[in-house]
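Residue-level listing of the chains:
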Amino acid sequence: MKSSKLSQVTLVFRCLQPISHISQLPTMQFVENIKDTHSCGFPCFKNVSFLGMDATKIYEIRTYQCYPDKFKAFIDQVESPDYQIRLRASQPWGVWKTEFGRLNCLFHVWAYDSLEDRAAARARLQADPDWKQFYPKIAAQWVQQDSHLCRPVGVIKDAPVFQNGAYASILLRKQQEASAILEMYIKGHKEEVALLGRFAVIAGPMGMDYFIVNGKSPDVLAQMLSALANGSEKEIEANLIVPVSVSPLQ
């Protein structure tokens, strides 16, 4: 069949877990090098290759939203000695609770060397009898749970630039203009704000980037968010977040 003058291809990617003996096919493959644009204006694929994800560092961003009347109890459990049960399996890059923005949320960023590393950590956790007893206590507090698999964009800092400062998480949806405004603002205010990490979502809602920003104070970050809102007419989700005691970033 001859190709039409204009064509559009929609690709949907999902992470699927094989069901024990029923399927042992590889669970994840991705298209890389999606570049170039056809003269008609539609994106096309150049140097397409399907690659496994077991050789590059990945980050998992997990968000737990709780019932309003149960959020404090959830945070107390996360900050209790019992939560060391979870940390025996793997360590987070950072853990924060929301102060402004999407309320009653706990925001985790977990770092793994590969998807195999994550799978091994999850297996250790599920096999831990202490976790099996502790898990129902915290799961009862949740309204919603989201997990986004991400690749780092640029350098990810493992320590805050402003110790005991403030933090913001900013989610941009395919907005090159907003990203440029944010990066320009940070470069122009190095004495007050710093980008700790940028993460591109590769499993979950595609075309999204998370920015984790560290500032000297909440007011400094509020000024940054005001500049971002004034400079872009498109929707941006921003949260002012506070590290919990188990977070390596304080």
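In this numbering scheme, every chain counts its residues from 1 along its sequence in written order. The model is predicted, so local features are restricted to residues of pLDDT at least 70 and side-chain atom pairs to those at 80 or more, both for listing and for counting; the totals for chains, interfaces and linings are taken over all residues. By convention in this description, side-chain values take in all heavy atoms of the structure and omit both hydrogens and water.

Here we look at the overall build of the chain
- Check the secondary structure of the chain and you find six helices and ten strands.
- Here's how the labels work: a residue is buried when its accessible area is under 20% of the maximum for its type, exposed when over 50%, partly exposed in between, all with a 1.4 Å probe on protein chains only. Here the chain holds 250 residues, and 40% of them are scored as buried.
- Residue contacts follow a heavy-atom distance rule, with two residues in contact if any of their heavy atoms lie within 4.5 Å. Residue pairs in contact within the chain that sit at least 24 positions apart in sequence constitute 73% of those at least 6 positions apart.
- In this description, accessible areas are obtained by the Shrake-Rupley approach with a 1.4 Å probe, and a residue is regarded as covered only by the protein chains that are shown. In the structure as shown, the chain presents an accessible area of about 14500 Å², 53% of it carried by carbon and sulfur atoms. Numbering goes from the N terminus for both helices and strands, where a helix is a DSSP run of H or I of at least four residues and a strand is a run of E of at least two.

Some words on the nonpolar core
- Residues belong to a common nonpolar core when they are buried Ala, Val, Leu, Ile, Met, Phe, Trp, Tyr or Cys residues joined through side-chain atoms within 4.5 Å. Counting 26 residues, the largest nonpolar core has F74, V78, Y83, L106, V244 and V246 as its most contacted members.
- Broken down by element, this core gets its largest block of residues, four residues, from helix α1 (residues 71-78).
- Setting aside anything within four residues of it in sequence, one finds Y83 in contact with Q77, V78, H108, W110, F134 and V246.
- With 18 residues, the next largest nonpolar core counts Y59, W93, V109 and I241 among its residues.

Observations regarding the pairing of strand β9 (residues 208-215)
- Among the eight residues that make up β9, eight are buried, leaving the element largely enclosed by the rest of the structure.
- What you see with β9 is no split at all: M208, Y210, I212 and N214 on one side and D209, F211, V213 and G215 on the other are buried throughout.
- Both strand β8 (residues 193-203) and β9 contribute to a ladder of seven bridges, which runs antiparallel. What sits directly across from F199, in β9, is Y210.
- Following β8, the chain reverses through four residues before pairing antiparallel with β9; G204 in that reversal takes a positive phi of roughly 125 degrees. Following DSSP output, two strands are said to pair if at least two bridges run between them.

Details of the confidence of the model for the chain
- Mean pLDDT for the chain: 82, with 77% of residues reaching 70 or above.
- The predictor attaches a confidence to each residue, and that confidence, scored 0 to 100, is pLDDT. In this model residues 20-55 is a low-confidence stretch, pLDDT under 50, and it forms 64 contacts with partners more than four residues away in sequence or in other chains.

Describing the pairing of strand β5 (residues 105-112)
- Counting buried residues along β5, seven of its eight residues qualify, which places the element largely inside the surrounding structure.
- Sheet topology note: the strand β3 (residues 58-66)/β5 ladder contains eight bridges and is antiparallel. Along β5, the bridge assignment pairs Y59 with A111.
- Bridging between strand β4 (residues 92-100) and β5 involves five bridges; their strand directions are antiparallel. Along β5, the bridge assignment pairs K97 with L106.
- From the end of β4 to the start of β5, which pair antiparallel, there are four residues, and G101 there has a positive phi angle of about 115 degrees.

Section: the packing of helix α5 (residues 176-188) against helix α6 (residues 218-231)
- Lines are fitted to the C-alpha atoms to define the axes, a helix being fitted only along its stretch in contact, and any angle between axes, read from their N-to-C directions, falls within 0 to 180 degrees. Running from N to C, α5 and α6 cross one another at 145 degrees; their axes reach a closest spacing of 10 Å. The chirality of how α5 crosses α6 is right-handed. Where α5 approaches α6, its residues E177, A178, I181, L182, Y185 and I186 are matched on the opposing element by Q223, M224, A227, L228 and G231.
- Looking at the contact of α5 with α6 residue by residue, the class counts come to eight nonpolar, two polar and one charged. Rotating anticlockwise by less than a right angle from the far helix to the near helix defines a left-handed crossing, while the corresponding clockwise rotation defines a right-handed one. Following the grouping adopted for this structure description, the nonpolar residues are Ala, Val, Leu, Ile, Met, Phe, Trp, Tyr, Cys and Pro, the charged ones are Asp, Glu, Lys and Arg, and the polar ones are all others, Gly among them.

Some details on the pattern of salt bridges
- Here, a salt bridge means any side-chain nitrogen of Lys or Arg that lies within 4 Å of a carboxyl oxygen of Asp or Glu. Counted under the stated rule, the structure contains nine salt bridges.
- A salt bridge links D76 to K72, with the shortest nitrogen-to-oxygen separation between them at 3.1 Å. Placement of both D76 and K72 in helix α1 is noted, with a separation of four residues, approximately one turn of the helix.
- Of the residues examined, K72 reaches a relative accessible area of 60% and is grouped as exposed.
- E183 serves as the salt-bridge partner of R198, at 2.7 Å between the closest nitrogen and oxygen.

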